[in-house]
Amino acid sequence: MTSAGRFAPSPSGELHVGNLRTAMLAWLFARSTGRSFLLRVEDLDRARAGAEAVQLRDLEAVGVTWDGGVIRQTGRAALYDSVIRQLGDAGLTYECFCTRREIQEAPSAPHAPQGAYPGTCRKLSTAEREIRRATRPAAIRLRSETKEWTVEDQLHGAYTGIVDDFVLRRNDGVTAYNLAVVVDDAEQGIDQVVRGDDLLSSTPRQAYLASLLGLPVPEYAHVPLVVNHDGDRLAKRDGAVTLDDLAAVGLSAEEVRDMILESLELPMGPLGGAVDSFDPARLPLEPWVWTGRLQAMIRKGD
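What counts and what doesn't
Per chain, residues are indexed from 1 in the order of the written sequence. Confidence filtering applies because this is a predicted model: local features only for residues at pLDDT of at least 70, side-chain atom pairs given and counted only at 80 or more, and all residues used for totals across whole chains, interfaces and linings. Note: side-chain values were computed over all heavy atoms of the structure, leaving out hydrogens and water. Numbering of helices and strands runs from the N terminus; a helix is a DSSP stretch of H or I covering at least four residues, while a strand is a stretch of E covering at least two. As a reference, a globule follows 2.2 Å times the number of residues to the power 0.38, and the radius of gyration itself is taken over C-alpha atoms. Note on exposure labels: buried denotes an accessible area under 20% of the residue type's maximum, exposed denotes more than 50%, and partly exposed covers the range between, all computed with a 1.4 Å probe on protein chains only. By the convention used here, residues are in contact when the closest approach between their heavy atoms is within 4.5 Å. Only the protein chains shown count as cover for residues, with accessible areas throughout obtained via the Shrake-Rupley method and a probe of 1.4 Å. Positive charges come from Lys and Arg alone, negative charges from Asp and Glu alone, with His and the N- and C-terminal ends not counted. To locate a charge, take NZ of a lysine, CZ of an arginine, CG of an aspartate or CD of a glutamate. Fitting a line to C-alpha atoms yields each axis, with helices limited to the stretch in contact; the angle taken between N-to-C directions then spans 0 to 180 degrees. Put simply, angles under 35 degrees are roughly parallel, angles over 145 are roughly antiparallel, angles from 65 to 115 are roughly perpendicular, and the rest are oblique. Two helices that cross are described as forming a left-handed crossing if the nearer one is turned anticlockwise from the farther one by less than a right angle, and a right-handed crossing if clockwise. Three classes are used, and their members are as follows: Ala, Val, Leu, Ile, Met, Phe, Trp, Tyr, Cys and Pro are nonpolar, Asp, Glu, Lys and Arg are charged, and the others, Gly among them, are polar. Any two strands with at least two DSSP-identified bridges between them are counted as paired. Directions are taken from the helix axis to each C-beta atom, and the arc is the one they span. Salt bridge criterion: a side-chain nitrogen from Lys or Arg within 4 Å of a carboxyl oxygen from Asp or Glu. Residues grouped as a nonpolar core are buried Ala, Val, Leu, Ile, Met, Phe, Trp, Tyr and Cys residues, joined through side-chain atoms within 4.5 Å. Here is how to tell: hold the view so the strands point away, follow the path from the first strand over the helix to the second, and if it runs clockwise the crossover is right-handed. In protein, a polar contact requires one atom able to donate a hydrogen and another able to accept it; more generally it is a pair of N or O atoms within 3.5 Å, and residues adjacent in sequence count only if both atoms are side-chain atoms. Note that a disulfide, as used here, is simply two cysteine sulfur atoms within 2.5 Å. Aromatic pairs are defined between Phe, Tyr and Trp rings, using the six-membered ring for Trp, whenever the two ring centres lie within 6.5 Å; interplanar angles under 30 degrees are classed as stacked, those over 60 as edge-to-face, and all others as tilted.

Draft legend 1. Local environment of the overall build of the chain. Scanning the chain from terminus to terminus reveals 10 helices and 12 strands. Here the C-alpha radius of gyration of the chain, 21 Å, is about what a compact globule of 302 residues would show, namely 19 Å. The burial tally for the chain puts 48% of its 302 residues in the buried class. Here the contacts in the chain between residues at least 6 apart in sequence split such that 77% fall between residues at least 24 apart. For the chain, the accessible area works out to roughly 14,600 Å², and carbon and sulfur atoms hold 49% of it. Of the side-chain charges in the chain, 34 are positive and 43 negative, and the distance between the mean point of each set is 6 Å.

Set out below in structure tokens:
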């Protein structure tokens, strides 16, 4: 089994500077530890025509390369279904008929975050399930046997999070992210997961599911996000944040790459040249406030 890191974008649109920074970090983590680096397109439900090709182009433009072919989740439904059947045969799943609104409005357990599933459908009788099936398709939830789980993160240390009865398959038949990512990482030999720290809170669910399935839990490193001047996660509404938009106002892909490397206190230039200098212990742990739009405007004015 290979030892590998990965980047796994959803092809819902162009990558912005925050996505590219995370991809570069994932690549540096993997390459600096002698791992392969794989690319997986998480296209279960958010694919936009042409977005994948643009994303791959932009990753290569900043120096992120990958080993082997690109894996796409849409070709892996049979694998996900077999895992859900395995959990069901073990008595670890149940049908859920709740709407999002019902979940948000339901009383939750003490200290559970808003939106954590309160177990409404966990103890439905066979007759009750049949009645509900007549009016609404069911999602499949994990019958969790714990309330919380602890993971070790290379940047955050021990992190304990809530584990509720999370969704494995949505009621429209689409496999849920928390199951797909666990199955994919294990099947691909991913033993290092580097991603944005906005996903840290979901990681205990994934590590717990991996343990139930007897799968190895990867090493985790949740890296700081790129934010706008208000401290909000960077988004396209913040102006020139994609390579195409920045090129239109005078910044090349190489210049954007160098800005990202500078924000990480790494030497500028081709990405491979930063591998020997890369040390996770020295990474800035605060979000990077994106000033690219201002710099691009200044350059355009020149």
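Draft legend 2. Molecular detail of the packing of helix 6 (residues 177-188) against helix 7 (residues 203-212). The N-to-C vectors of helix 6 and helix 7 enclose an angle of 55°; their axes lie 9 Å apart at closest approach. Taken together, the axis directions place helix 6 and helix 7 in an arrangement best described as oblique. In the crossing of helix 6 with helix 7, the sense of the turn from one axis to the other is right-handed. Contact with helix 6, carried on its side by Tyr177, Asn178, Leu179, Val181 and Val182, involves Arg205, Gln206, Leu209 and Ala210 of helix 7 and no other residues of that element. The residue makeup of the contact of helix 6 with helix 7, split by class, is 6 nonpolar, 2 polar and 1 charged.

Draft legend 3. Structural view of the sheet that holds strand 3 (residues 71-72). Across the sheet, 3 strands lie side by side as 1-2-3; this open sheet has parallel pairing. If you trace the sheet from one side to the other, it starts and ends with strand 1 (4-7) and strand 3, each paired once. Bridge count for strand 1 against strand 2 (residues 36-41) is 4 bridges, and the pairing is parallel. Directly across from Phe7, in strand 2, lies its bridge partner Leu39.

Draft legend 4. Representation of helix 2 (residues 51-61). What helix 2 keeps buried is the set Ala51, Glu52, Gln55, Leu56, Asp58 and Leu59. Take helix 2 and look down its axis: the buried residues cluster within an arc of 165°, on one side only. Those residues of helix 2 that are exposed and angled more than 90 degrees off the buried face are Ala53 and Glu60. Elements that come into contact with the buried residues of helix 2 comprise strand 1, helix 1 (17-32), strand 2, strand 3 and helix 8 (243-248). Phi turns positive, to about 100°, at Gly63, one or two residues after helix 2.

Draft legend 5. Here's a closer look at the pattern of salt bridges. Scanning the entire structure with this criterion turns up 21 salt bridges. Between Arg122 and Asp165 there is a salt bridge, with its nearest N and O atoms 2.6 Å apart. With Arg122 in the loop between helix 4 (100-105) and helix 5 (126-133) and Asp165 in the loop between strand 7 (157-162) and strand 8 (167-169), this residue pair connects regions lying 43 residues apart in the sequence. Assessed through its relative accessible area of 26%, Arg122 is described here as partly exposed.

Draft legend 6. Local environment of the nonpolar core. Counting 47 residues, the largest nonpolar core has Val17, Leu28, Phe37, Leu59, Val64, Ile260 and Trp290 as the members making the most contacts within it. Here this core takes 10 residues from helix 1, the largest share from any one element. Excluding its chain neighbours within four sequence positions, the residues that come into contact with Val17 are Val226, Leu234, Val241, Leu246, Val256, Ile260, Trp288 and Trp290. Core analysis: the second largest hydrophobic core is formed by 19 residues, Leu92, Ile140, Val163 and Leu209 among them.

Draft legend 7. Representation of the pairing of strand 9 (residues 192-196) in the model. Summarising burial for strand 9: 5 of the 5 residues are buried, a large majority. Two strands pair when backbone bridges link them, and strand 9 and strand 10 (residues 219-223) are joined in this way by 5 bridges, in the parallel orientation. Note that in strand 10 the partner of Val194 across the bridge is Ala221. A crossover connection joins strand 9 to the parallel strand 10 through helix 7; in handedness this β-α-β unit is right-handed.

Draft legend 8. Highlighting the side chain of Asn178. Along the chain, Asn178 turns up in helix 6. Taking relative accessible area as the criterion, Asn178 reaches 13% and is therefore assigned buried. Polar side-chain contacts of Asn178 include one of 2.9 Å to the side chain of Gln206. Contacts of Asn178, omitting those with residues within four sequence positions, involve Phe166, Ser202, Arg205, Gln206 and Leu209.

Draft legend 9. Structural view of the state of the cysteines. Scanning the model with the defined rule gives 0 disulfides in all. No disulfide involves Cys96; its sulfur sits 4.0 Å from the nearest other cysteine sulfur, which is in Cys98. Cysteine Cys121 shares no disulfide, and the gap to the nearest cysteine sulfur, in Cys98, comes to 3.6 Å.

Draft legend 10. Region of interest: the packing of aromatic side chains. Tallied over the entire structure, the rule returns 3 aromatic pairs. Consider the rings of Phe29 and Phe278, whose centres lie 5.0 Å apart with planes at 70°: the pair is edge-to-face. Taken as a pair, Phe29 in helix 1 and Phe278 in the loop between helix 9 (253-263) and strand 12 (288-289) lie far apart in primary sequence, 249 residues in all. The pair formed by Phe29 and Phe278 is uniform in burial state, with each residue classed as buried. Summarising the aromatic geometry, the rings of Trp288 and Trp290 are spaced 5.5 Å apart at their centres and angled 85° between planes, so their arrangement reads as edge-to-face. Taking the relative accessible area as the measure of exposure, Trp290 reaches 4% and is therefore buried.

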